[in-house]
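Architecture and fold: a report
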Amino acid sequence: MVFGTGSSSTKSTKGVEEVGGNLSVLIVDDDPIILRIHRMMLNKFGLVTHVVENGKEAVDLFRSGSCFDMVLMDMEMPIMDGPKATQELRAMGVNSMIVGVTSRGLESEKQSFMGAGLNRCHEKPLTTDIVTSLVQELIKHY
């Protein structure tokens, strides 16, 4: 699968260092603490971040022409949950890397969420190691 919509000059890094370029991440979560944690971690890589509080807002952003290289999608949110939003984004042809985040630890729930069209799924909050791995995977495609 091809991720994102553009190209960027970046370098692979170990640890939390800026990767440069203009890679962007949409963080979709209704928990303000998780939003803050994930935004700070991604900003340490020099990534451009944008946040919304539910899946409908995420779908609406893409429908209005916004593009993001990666989407961190919470599973359970009001108005439109992560699985429904992910299905809608994939149906629209969005090929961004979509990473599910959930507070639920059951493997069956993660697999169900993956079935909506995710590239990865992790428990939240994400750790520095997971974010590092995700960013390195993302920049390999540019």
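Everything in this summary refers to the structure shown in the same document.

Rules used in this analysis
- Residues numbered from 1 in each chain as written.
- Predicted model: local features only at pLDDT ≥ 70, side-chain atom pairs only at ≥ 80, totals over all residues.
- Heavy atoms only, no water.
- Phe/Tyr/Trp six-rings, centres within 6.5 Å; stacked < 30°, edge-to-face > 60°.
- Buried < 20%, exposed > 50% of the residue type's maximum accessible area, 1.4 Å probe, protein only.
- 1 Å grid on protein atoms, 1.4 Å probe; cavity = no way out; pocket = protein on both sides within 12 Å on 5 of 7 lines; lining within 4 Å.
- Points joined across faces, edges and corners; volume = space filled by probe spheres on them.
- Helix = DSSP H or I, 4+ residues; strand = E, 2+ residues; numbered from the N terminus.
- Nonpolar A, V, L, I, M, F, W, Y, C, P; charged D, E, K, R; others polar.
- Pairing = 2+ DSSP bridges.
- Axes fitted to C-alpha atoms, helices over the stretch in contact; angles between N-to-C directions.
- Contact = heavy atoms within 4.5 Å.
- Expected span 1.5 Å × (residues − 1).

All told, the structure shown has one aromatic pair when counted by the stated rule. Considering the side-chain rings of Phe-62 and Phe-68, the 5.6 Å spacing of their centres and the 65° angle between planes classify their relative orientation as edge-to-face. Of the two residues, Phe-62 and Phe-68, both sit in the buried class.

The next thing to look at is empty space enclosed by the protein. Evaluated as defined, the whole model comprises one cavity of 30 Å³ or more. Approximately 30 Å³ is the volume found for the largest cavity. Every residue lining the largest cavity is listed: Leu-42, Met-70, Leu-72, Leu-126, Val-131, Leu-134 and Val-135. Elements supplying a minimum of two residues to the lining of the largest cavity: strand S3 (70-74) and helix H5 (128-139). Considering each element in turn, the lining of the largest cavity owes the most residues, three residues, to H5. A breakdown of the residues in the lining of the largest cavity according to their chemical character gives seven nonpolar, no polar and no charged.

A separate point is the sheet that holds strand S4 (residues 97-102). Adjacent strands of a sheet form backbone hydrogen bonds with each other and so pair up, either parallel or antiparallel. Across the sheet, which stays open at both edges, the five strands sit in the order S2-S1-S3-S4-S5 with parallel pairing between neighbours. Lying at the two open borders of the sheet, with one neighbouring strand each, are strand S2 (48-52) and strand S5 (120-123). Adjacent strand axes in the sheet meet at a mean angle of 20° when their direction is disregarded. Where S3 meets S4, five bridges bridge the pair, whose relative direction is parallel. Within S4, the position partnered with Met-70 by the bridge is Met-97. Sheet strands in contact with helix H2 (residues 55-63) are strand S1 (24-28), S2 and S3, and its direction is about 150° off that of S1.

A few words now on H5. Taking 1.5 Å of rise per residue, the twelve residues of H5 would be expected to cover 16 Å, and the 16 Å separating its terminal C-alpha atoms lies within 8% of that figure. Of the positions making up H5, those classed as buried are Val-131, Thr-132, Leu-134, Val-135, Glu-137, Leu-138 and Ile-139. Along its buried surface, H5 packs onto helix H1 (32-43), S3, S4 and S5.

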